[in-house]
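# A closer look at the structure
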There are 2 protein chains.
Amino acid sequence: MRQVAILGIGQTPIREHWGLSIRDLAVAAGRAALEDAGVEHVDAIYVGNMTGGSLNRQRQLGTLVADHLGQWGAEAVKMEAACGSAGSAFRQGIAAVASGDCEAVLAIGVEKMTEAGGREVTAALAEAADAEYEAIHGVTFVGLNALIMRRYMHEYGYEHQDFAPFALNAHANGAKNPNALFQKAISRKEYENGRIVADPISLYDASPIGDGAAALLLVPVEKAPKGIRVIGSASATDTLAIHDRHDPLWLEAAEQSAYKAYHQAGIGPEDIDLFEAHDAFSIMAALSLEACGFAERGQGVRLAQENAIMPGGRIPISTMGGLKARGHPVGATGLYQLAEAALQLRQEAGPAQIDGVQIALAQNIGGSGATVVTHVLQRP
Amino acid sequence: MRQVAILGIGQTPIREHWGLSIRDLAVAAGRAALEDAGVEHVDAIYVGNMTGGSLNRQRQLGTLVADHLGQWGAEAVKMEAACGSAGSAFRQGIAAVASGDCEAVLAIGVEKMTEAGGREVTAALAEAADAEYEAIHGVTFVGLNALIMRRYMHEYGYEHQDFAPFALNAHANGAKNPNALFQKAISRKEYENGRIVADPISLYDASPIGDGAAALLLVPVEKAPKGIRVIGSASATDTLAIHDRHDPLWLEAAEQSAYKAYHQAGIGPEDIDLFEAHDAFSIMAALSLEACGFAERGQGVRLAQENAIMPGGRIPISTMGGLKARGHPVGATGLYQLAEAALQLRQEAGPAQIDGVQIALAQNIGGSGATVVTHVLQRP
């Protein structure tokens, strides 16, 4: 298997893009990645997207995007694993280059959600859960996460305000990222007064949806000695329904995929300088820190309280705003995370730059820990 | 790259499965393939599905199916390329085993459509077309194919009745396949009196939707010396919208992917003993025969009239009913085609068995020739 490098990075700002369709967004990000890499032709395009069928009435997005990027004839397909779609598309791209099947590949994550009504979006997001055993009872996706957060607070003795550092860090970092949806720091008081969405989750514990696309261009390392190296890539799954888990407070698939990726990279969590965690909800950030080996069970929140997750801390997360402040266009998020990690490793993160980053971890989660894709990137 | 073999085959009959959910169908086919192979554990599951989000309100099908097959922890993802979804999932499985990343992989195609209303299904199928330039004008998927068929008739001087052999052959063959939706031969008179759906396409020119799942279990050849070998695998894309094509009567992506697969296999069309074509409509069968090198341009219908496509003919197609009579559960079809080709190569096709089959071609098409996945299988 060949080693793979990221040669091009492209992304659109995350906004309510009323003037751009789903294809426009994907094409803009893809073109930016091609230009950044100085590459004109790719062999394959893997598109990550979740709600395109339901909200945009558009399927076959892989081929549509290949078509409108002028990559006629290229292999193309869409991957869907709910909010883990873009991470899966990237991993597919890695496999295509690593195996020798392709010389240049585009992985693009795209989502356009804000044109749809709130009820429609909530219903589309619930499709990530188990339709027959969860969604059918009317439980929303934020509702499922609220159940997990409440149990975590009960089990480990936390209060709602203990989760504040996740939101404070994400919003402070988002303020330094021009592509972020929310570019405004928030205060502890604002966090504490946050409107409750699904008790105990407040607006500041939940990431906002948005429209956007992010793309990475992949080539074999020998063609890009200065490209960011992908030194670990793994995916694992858990039960889709939370009630089927041995322990709803442990993200088993996150642990499995992270340690598989560490093993491939020949490193451990102590070697990671930066972690783009899937902070769709504060509770998911806490559980991810634990599953990936940065905190003991029940200590993810404690780690955040000790400021370890902030720039300059032991393990900075959400360095460009995370899902919380950069925004969470669900099927695109995995590639935003990877694009941001790659920018940090290139030292091109601008005001959001974390000093001395050599190795970064990016973890993309579909559902409440059901599909997890983990990548380890390294500066050449 | 390692050579890959098909070790297990599983499928459900195609029916209106009122008592089985989409997960039940996928799990039934997956379990049958595991049992057929005598394999208990797989490393990855690739699920092909098109309309699960819209019609079943269920996404993340890869993980759901892994979960309910008891394959906890396995990598899993859903691939979508409209009616080319299952072929894409199979191709992904091939790549995962060929690259050495996985030792055993399940590719499962599944679709459950008949619970939804006709209007809802028609809208979901139109998502395969270009939402902004085709579907927005109200053109249905069958409408697009009707435009192509009408142009073909005009250009090459055919009448509607000239297309009869495609339906007659498919229905005669479907009558020999217990898994087919329609197990009844039809007469030329029935064809000629077929109710018009979208002029010139009649009911007998269009494949029926259905509920079903098909699965194949893939391993490296060295672990299955008696398994059916996959000696060619390729995918290519064309413009999504038909009006963007240089020639709407030529399936360029079908030609490209077929010849790439032939090249890998070191063969040409003259070496193919059996062709599972994507006969979603009679016109697609004709165009596929031309694109894959079995007939000159405009001669696909002539070839059918000469009985070359029937059992015992030069290039038998739809040998177990094809999309037309076996049924077309859209995102599952690619794996039904491959499962049937594999059964023929094993000489386990029962009354539908074609004599002396050594090499088979299976071609799965998403949209009106937009995403095409072609595989060449060989008897060991």
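Above this note sits the structure.
Let us look at the structure shown here. Since the structure is predicted, the reported quantities are computational estimates derived from the model, not experimental observations. (Residues numbered from 1 in each chain as written. Chains lettered and ligands numbered in written order. Predicted model: local features only at pLDDT ≥ 70, side-chain atom pairs only at ≥ 80, totals over all residues. Heavy atoms only, no water.)

## A word on the pattern of salt bridges
We count it as follows: A pair is scored as a salt bridge if a Lys or Arg side-chain nitrogen falls within 4 Å of a carboxyl oxygen belonging to Asp or Glu. Only DSSP runs of H or I reaching four residues or more are called helices, and only runs of E reaching two or more are called strands; each is numbered from the N terminus. Whether a residue is buried, partly exposed or exposed follows from its accessible area with a 1.4 Å probe, protein chains only, as a fraction of its type maximum: under 20%, in between, or over 50%, in that order.
Scanning all chains against the criterion turns up 40 salt bridges over all chains. For B:Glu127, the salt bridge identified is with A:Arg57, shortest N-O distance 2.3 Å. One end of the pair, B:Glu127, is in the loop between helix H5 (118–126) and helix H6 (141–156); the other, A:Arg57, is in the loop between helix H2 (52–56) and helix H3 (61–68), on a second chain. For B:Glu127, a relative accessible area of 0% corresponds to the buried category. The salt bridge partner of B:Asp36 is B:Arg346, with a shortest N-O separation of 2.9 Å. Placement of B:Asp36 in helix H1 (residues 22–37) and of B:Arg346 in helix H13 (residues 333–346) is noted, with a sequence separation of 310 residues between them. Of the residues examined, B:Asp36 reaches a relative accessible area of 35% and is grouped as partly exposed. Each of A:Arg2, A:Glu103, A:Glu222 and A:Lys223 takes part in one network of salt bridges that share partners.

## A look at the packing of aromatic side chains
All names here are of chain A. Using the following cut-off: Working definition: rings of Phe, Tyr and Trp (its six-membered ring) pair if their centres are within 6.5 Å, and the pair is stacked with planes under 30 degrees apart, edge-to-face with planes over 60 apart, and tilted otherwise.
Under the definition given, this model contains 14 aromatic pairs over all chains. Ring geometry for Tyr152 against Tyr158: centres 5.6 Å apart, planes inclined by 10°, an arrangement best described as stacked. Tyr158 carries the same exposure label as Tyr152, and that label is buried. In textbook terms, an aromatic cluster arises when at least three aromatic residues are bridged by ring pairs, as seen for Tyr152, Tyr156, Tyr158 and Phe163.

## Structural notes on the environment of A:Ala198
Residue and element names in this part refer to chain A. Convention followed: When checking whether two residues touch, look at their non-hydrogen atoms; a contact exists if any pair is within 4.5 Å.
Following the sequence through the fold, Ala198 ends up in strand E5 (residues 196–198). Distance from Ala198 to Ala185, taken between C-alpha atoms, is 23 Å for residues 13 residues apart in sequence. Residue contacts for Ala198: discarding those within four places in its chain leaves Val142, Gly143 and Ala146.

## A look at the interface of chain A and chain B
Put simply, the test is: As a working definition, buried area equals the accessible area (1.4 Å probe) given up by two parts on being put together, with both sides summed. Here a polar contact is recorded for every N or O atom pair within 3.5 Å, except that within protein the pair must consist of a potential hydrogen donor and a potential acceptor, and residues adjacent in sequence are included only if both atoms are side-chain atoms. If DSSP finds at least two bridges between two strands, the strands pair.
Opposite the 57 residues of chain A that make contact, chain B presents 57 residues. For the chain A and chain B pair, buried surface summed over both sides reaches about 4,400 Å², with 42% attributable to carbon and sulfur atoms. Our enumeration of links across chain A and chain B arrives at 14 salt bridges. Here B:Asp101 makes a salt bridge to A:Arg91, at a shortest N to O gap of 3.3 Å. Our enumeration of links across chain A and chain B arrives at 38 residue pairs in polar contact (both at pLDDT 80 or more). Considering every element that reaches the side of chain A that touches chain B, the biggest residue donor is strand E3 (residues 75–80) of chain A, with six residues. In this structure, E3(A) lies alongside strand E3 (residues 75–80) of chain B, joined through three bridges in antiparallel fashion. Along E3(B), the bridge assignment pairs A:Glu80 with B:Lys78.

## Things to note about the packing of helix H4 (residues 85–98) of chain A against helix H13 (residues 333–346) of chain A
For any two helices packed against each other, one specifies the inter-axial angle together with the distance between the axes. Residue and element names in this part refer to chain A. Which entries qualify depends on this criterion: Angles shown run from 0 to 180 degrees and are taken between the N-to-C directions of axes, each axis being a line fitted to C-alpha atoms and, for helices, limited to the stretch in contact. Following the grouping adopted for this structure description, the nonpolar residues are Ala, Val, Leu, Ile, Met, Phe, Trp, Tyr, Cys and Pro, the charged ones are Asp, Glu, Lys and Arg, and the polar ones are all others, Gly among them.
Look at H4 against H13: their axes get within 5 Å of each other, and the N-to-C directions meet at 65°. Taken together, the residues of H13 that come into contact with H4 (itself represented by Ala86, Gly87 and Phe90) are Thr333, Gly334, Leu335 and Leu338. Taken together, the residues that form the contact of H4 with H13 break down as four nonpolar, three polar and no charged.

## Examining the relation of the copies chain A and chain B
Basically, it comes down to this: The copies were overlaid by least squares, fitting only the C-alpha atoms of residues that reach a pLDDT of 70 or more in each copy.
With an RMSD of 0.0 Å, chain A superimposes on chain B once it is rotated by 180° and translated 0.0 Å along the axis. On this basis, the relationship between the two copies can be described by a two-fold rotation axis. Most of the interface of chain A is mirrored in chain B: 100% of its interface residues are interface residues there too.

## Notes on H1(B)
All names here are of chain B. Inclusion rule: Expected helix span is computed as 1.5 Å times (number of residues minus one).
The end-to-end C-alpha distance of H1, which contains 16 residues, comes to 23 Å, matching closely the 22 Å that a straight helix rising 1.5 Å per residue would cover. Every buried residue belonging to H1 is among Ile22, Arg23, Leu25, Ala26, Val27, Ala29, Gly30, Ala33, Leu34 and Ala37, and all of these are buried. Looking at the packing, one finds that the buried side of H1 touches strand E1 (4–11), helix H2 (52–56), helix H3 (61–68), strand E4 (105–111) and strand E7 (212–220). Immediately beyond the C-terminal end of H1, within one or two residues, lies Gly38, with a positive phi of roughly 70°.

## Some thoughts on H13(B)
All names here are of chain B. Its 14 residues place the ends of H13 20 Å apart at the C-alpha level, agreeing with the 20 Å of an ideal helix rising 1.5 Å per residue. The buried fraction of H13 amounts to 13 of the 14 residues, a majority that puts the element mostly inside the structure. The first or second residue beyond H13 is Gln347, which carries a positive phi of 60°.

## A look at the side chain of B:Glu276
Residue and element names in this part refer to chain B. Note the cut-off: Residues scored as charged are limited to Lys and Arg (positive) and Asp and Glu (negative), so that His and the chain ends carry no count.
Considering the arrangement of structural elements, one finds Glu276 in strand E9 (residues 274–276). Arg326 provides the closest opposite charge to the buried, unpaired Glu276, separated from it by 4.8 Å. Once residues lying within four places of it in the same chain are set aside, the contact partners of Glu276 are Ser318, Thr319, Met320, Gln337, Glu340, Ala341, Leu361, Ala362 and Gln363.

## Some points on the nonpolar core
Applicable threshold: Among buried residues, the Ala, Val, Leu, Ile, Met, Phe, Trp, Tyr and Cys ones that are joined through side-chain atoms within 4.5 Å form a nonpolar core.
Within the largest apolar cluster, 81 residues are counted, with the highest numbers of intra-cluster contacts made by A:Ile6, A:Phe90, A:Leu377, B:Ile6, B:Phe90 and B:Leu377. For B:Leu377, the contacting residues outside a window of four places in its chain are B:Ile6, B:Ile228, B:Arg229, B:Val230, B:Leu338, B:Ala341, B:Ala342, B:Leu345, B:Gln358, B:Ile359 and B:Ala360. Grouped together as the second largest cluster of nonpolar side chains are 72 residues, B:Ala164, B:Phe275, B:Leu287 and B:Ala291 included.

## A word on the environment of A:Tyr158
Residues and elements named next belong to chain A. Position of Tyr158 among the secondary structure elements: in the loop between helix H6 (141–156) and helix H7 (164–174). For the pair Tyr158 and Val301, spaced 143 residues apart in sequence, the C-alpha separation works out to 8.3 Å. If near-sequence neighbours (up to four positions away) are discounted, Tyr158 is found in contact with Tyr152, Met153, Phe163, Gly298, Gln299, Val301, Arg302 and Gln305. Side-chain polar atoms of Tyr158 contact the side chain of Arg302, separated by 3.5 Å.

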